[in-house]
Amino acid sequence: MNPTAVKLAPSILSADFARLGEQVRAAEAAGADRIHVDVMDGHFVPNLSMGPVVVKALRPVTKLPLETHLMIEEPDRYIEAFAQAGSDTLIIHVESAGDLRQTLRRVKALGKKVGVTFKPATPVSAIEAVLPDVDLVLVMTVEPGFGGQKFRHETLAKIREVCELIGKANLNIELEVDGGIDATTTPLVVAAGARVLVAGAAVFGAPDGVAAAMGRLRQAATVA
């Protein structure tokens, strides 16, 4: 497998917010392909996190694409705000309120890339109808809403299933995974078909720094 085919998306949910700009710049210097921004509303998931103001603050800090994972109940209320703040990609949960296809098309109409994602308990069939409308599918390998969780090995079957659906439909869609991704789980998800890896604690929580952590993930991706 060509290791350059695997992209890394460090999640700032695990970053030190007192040094957020510094840590994002470190991730970019270490070869990150994009920055992953986790947005939580306290309703769709129990926790609260960041809003458009954080995306706006990061936009001049990095040239990397900013992808925004909307773990919120009513994404339609905030799509335009995140787009204006500088998000390059907006990822929508199939379980969110509203008309999913209409929401996805609204994102595209704003000139942004769009992704769809789903919780571990949601069947892959829930996203099948909207595959032609998206640029990426994000498979959650933990329950959304909390950083630092352990990888759920039963989600490997879902990664393989999504990969097969994309291949059968001959669609140019990125397959991304998020949750418990580290040097141990990276070979597993890459072997299952994932090509974009979201990693938070494994990158920003590494005692030897962001660059070393990113290097371990890159190396792990080559053994799949």
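Source: prediction; values computed, not measured.

A. Spotlight on the overall build of the chain. Per the secondary structure count, the chain includes nine helices and eight strands. Its C-alpha radius of gyration of 16 Å places the chain within 12% of the 17 Å reference for a compact globule of 224 residues. Taken along the three principal axes of its C-alpha coordinates, the chain extends 45 × 40 × 30 Å. Considering the chain as a whole, with its 224 residues, one finds that 50% of them fall into the buried category. When the accessible surface of the chain is split by element, carbon and sulfur atoms take 52% of a total near 9,600 Å². Each charge class in the chain can be summarised by its mean position, and for the 23 positive and 26 negative side chains these summaries are 4 Å apart.

B. Structural view of the layout of surface pockets. When its volume is computed, the largest pocket comes out at roughly 390 Å³. Taken together, 30 residues make up the lining of the largest pocket; nearest its centre are Gly148, Gly180, Ile181, Gly200 and Ala201. Of all the secondary structure elements, the ones that give two or more residues to the lining of the largest pocket are strand E2 (35-40), strand E3 (66-71), strand E8 (196-199), helix H8 (201-204) and helix H9 (210-221). One number sums up the size of the second largest pocket: a volume of about 230 Å³. Lining the second largest pocket are Lys7, Asp33, Arg34, Pro65, Glu67, Asp88, Thr89, Lys113, Asp135, Leu136, Asn172 and Glu174. Classifying every residue of the lining of the second largest pocket by side-chain character gives two nonpolar, two polar and eight charged.

C. Focus on the nonpolar core. Ranked by size, the top nonpolar core spans 60 residues in total, and within it Ile12, Ile127, Val137, Ile159, Val162, Val189 and Leu197 carry the most contacts. A per-element tally of this core places helix H6 (residues 156-169) first, with five residues. The contacts of valine 189, once residues within four sequence positions are left out, are Phe151, Leu156, Ile159, Val177, Ile181, Ala194 and Leu197. The next biggest cluster of nonpolar side chains, apart from the first, holds five residues, and it includes Leu136, Leu138, Met140 and Val142.

D. Summary view of helix H4 (residues 100-109). Leu100, Thr103, Leu104 and Val107 are the residues of H4 that are buried. For H4, the angular spread of buried residues about the axis comes to 100°, placing them on one side. Residues of H4 that are buried make contact with helix H3 (79-85), strand E4 (89-93) and strand E5 (113-118). Taking the backbone nitrogen of arginine 101 as reference, a side-chain oxygen 3.2 Å away marks aspartate 99 as the first, capping residue of H4. Residue glycine 111 follows H4 closely and has a positive phi angle near 85°.

E. Examining empty space enclosed by the protein more closely. Using the criterion set out here, one finds one cavity of 30 Å³ or more in the structure. In this structure, the largest cavity occupies an estimated 30 Å³ of space. If you go around the largest cavity, the residues you meet are Pro75, Ile92, His93, Val94, Ser96, Ala97, Gly98, Leu100 and Thr103. Elements with a contribution of two residues or more to the lining of the largest cavity: E4 and H4. When the residues that make up the lining of the largest cavity are grouped by side-chain class, the tally is five nonpolar, four polar and no charged.

Rules of the game
Residues numbered from 1 in each chain as written. Predicted model: local features only at pLDDT ≥ 70, side-chain atom pairs only at ≥ 80, totals over all residues. Heavy atoms only, no water. Helix = DSSP H or I, 4+ residues; strand = E, 2+ residues; numbered from the N terminus. Rg over C-alpha atoms; globule rule 2.2 N^0.38 Å. Buried < 20%, exposed > 50% of the residue type's maximum accessible area, 1.4 Å probe, protein only. Areas by Shrake-Rupley, 256 points an atom, 1.4 Å probe, with all protein chains shown as cover. Lys, Arg positive; Asp, Glu negative; His and termini not counted. Charge placed at Lys NZ, Arg CZ, Asp CG, Glu CD. 1 Å grid on protein atoms, 1.4 Å probe; cavity = no way out; pocket = protein on both sides within 12 Å on 5 of 7 lines; lining within 4 Å. Points joined across faces, edges and corners; volume = space filled by probe spheres on them. Nonpolar A, V, L, I, M, F, W, Y, C, P; charged D, E, K, R; others polar. Core = buried A, V, L, I, M, F, W, Y, C linked by side-chain atoms within 4.5 Å. Contact = heavy atoms within 4.5 Å. Arc of directions from axis to C-beta. Polar contact = N/O pair within 3.5 Å; in protein donor to acceptor, adjacent residues only side chain to side chain.

These results come straight from atomic positions and should not be treated as a statement about function.
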